[in-house]
Protein chains: 2
Amino acid sequence: MSQLHTIGEAAADSGVSAKMIRHYEKIGLIGAAERTEAGYRLYGPAEIHTLRFIRRARNLGFSVDDIVELLGLWHDEKRASKDVREVAAGHLGALRAKAAEILSMIDALEHLIAGCTNDDRPDCPILKDLSNDANPALAKEVGHKFGYQRVC
Amino acid sequence: MSQLHTIGEAAADSGVSAKMIRHYEKIGLIGAAERTEAGYRLYGPAEIHTLRFIRRARNLGFSVDDIVELLGLWHDEKRASKDVREVAAGHLGALRAKAAEILSMIDALEHLIAGCTNDDRPDCPILKDLSNDANPALAKEVGHKFGYQRVC
DNA sequence: ATAGGGCTTCCCATCATGGGAAGGTCAAGA
DNA sequence: TCTTGACCTTCCCATGATGGGAAGCCCTAT
């Protein structure tokens, strides 16, 4: 008994909020916890270890779906390291794509801000760029289906 | 009449989906569109220009709340360029923070993956790190309220 | 006994976006 | 003229991870 913890203690010890622990249980990421007679959830060292694993994986940006896989591999003594690597590499690719996207936004925004007079005059290259039909800010070539011609 | 467009045409011309145009109307980012007798929304050049403005701002990662401000400034002849700059600079700061977060995840993940044997053996430094209590992967100093001591 | 803090479940909100159903409208072709 | 198909309308639901908050039960210290 002495190593069984309530959800609040498990949260403090693992860094995962009580709210999220219940959520992870509900979506099946972790199994249903033991309960006291009064219905309180109880967590032992193994469960808290798992929660820490989950928190670390979340800190690395892994999605819950990824973590389902990682936990399965973690508990699978016959796992192949390349299977783990595959999950990690997939996530790394997604992170790199996201980083590239954000960095290009930063780049574009820095250029716009650099051109701003930063005073009380209304002239503003930022708004000029955003409203300029000829110079679409950071145009994503996505979703522009200009095949249609106007009907009216 | 000849320059009035249905929502599908406005979507194609602006790069904002019809779904989102209706959504922007509902949340008040844009005003209610004119309607035909049958209830179809109609968009003129000014509205489509605004939609393009919105799409460009979204491409730069501005939130809808930011865009409300930017549209207000855009239409305000007496705006001060520094007010625009302030909105943009605030967003830039958020983007930089996000980028730093993602880059540190990438960095940590690259190190883990580099140590992976990538074969059929079960030994795996990635899982080892995630499960290692002593070496928390990319520990965020966030949310660790370790003031509490275990009660049990 | 009572107060306060922790626990339970349930519902709602975020943020931007899309999917899909049920039904009305319109234009082109048989 | 009728049909067909592509559009439009509104309404509801889902995403993903997280938190807020209410109503009510439980436990412990005063």
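A quick note: this is a predicted structure, and the numbers were derived from the prediction, not measured. (Residues numbered from 1 in each chain as written. Chains lettered and ligands numbered in written order. Predicted model: local features only at pLDDT ≥ 70, side-chain atom pairs only at ≥ 80, totals over all residues. Heavy atoms only, no water.)

J.: Got a minute to help me understand unusual backbone geometry in this structure?
T.: In terms of backbone geometry, most residues other than glycine have negative phi values and most peptide bonds are trans. Residues other than glycine seldom take positive phi values, yet Asn-118 of chain A does so here, at roughly 60°. Locating Asn-118 of chain A in the fold gives a position in the loop between α5 (81-114) and α6 (125-131). (Helix = DSSP H or I, 4+ residues; strand = E, 2+ residues; numbered from the N terminus.)

J.: Would you take a moment to explain the pattern of salt bridges for this structure?
T.: Oppositely charged side chains can form a pair if their charged atoms are brought close together. In the structure shown here, the tally under the stated rule is 14 salt bridges over all chains. Among the ionic pairs, Glu-101 of chain A bridges to Lys-98 of chain A, the shortest N-O distance being 3.8 Å. With Glu-101 of chain A and Lys-98 of chain A both in helix α5 and three residues apart, this pair spans about one turn of that helix. Note on Glu-101 of chain A: relative accessible area 31%, which makes it partly exposed. You can call Lys-98 of chain A partly exposed: its relative accessible area is 39%. Where Arg-96 of chain B meets Glu-110 of chain A, a salt bridge forms, and the shortest distance between an N and an O atom there is 2.4 Å. Remark: Glu-110 of chain A occurs in helix α5 and Arg-96 of chain B occurs in helix α5 (residues 81-114); the pair is interchain, linking two chains. Judged by its relative accessible area of 42%, Arg-96 of chain B is partly exposed. Residue classification places Glu-110 of chain A among the partly exposed residues on the basis of a relative accessible area of 30%. The network of salt bridges with common partners includes Glu-25, Arg-35 and Arg-41 of chain A. (Salt bridge = Lys/Arg side-chain N within 4 Å of Asp/Glu carboxyl O. Buried < 20%, exposed > 50% of the residue type's maximum accessible area, 1.4 Å probe, protein only.)

J.: Please clarify how the protein's contact with DNA strand C should be interpreted in this entry.
T.: Of all residues adjacent to DNA strand C, which total 19 residues, the nearest are Gly-8, Arg-22 and Tyr-40 of chain A together with Lys-19 and Val-64 of chain B. For DNA strand C, the fraction of atoms within 4 Å of the protein that belong to sugar or phosphate moieties is 63%. Tyr-40 of chain B has a polar side-chain atom sitting 2.8 Å from a base nitrogen of DNA strand C. Arg-58 of chain B is positioned with one of its side-chain polar atoms (N or O) 2.9 Å from a sugar or linking oxygen of DNA strand C. For the surface near DNA strand C, the elements supplying multiple residues, two or more each, are α1 (7-14) and α2 (18-26) of chain A together with α2 (18-26) of chain B. Looking at side-chain class alone, the surface near DNA strand C contains seven nonpolar, six polar and six charged residues. (Near = heavy atom within 4 Å. Polar contact = N/O pair within 3.5 Å; in protein donor to acceptor, adjacent residues only side chain to side chain. Nonpolar A, V, L, I, M, F, W, Y, C, P; charged D, E, K, R; others polar.)

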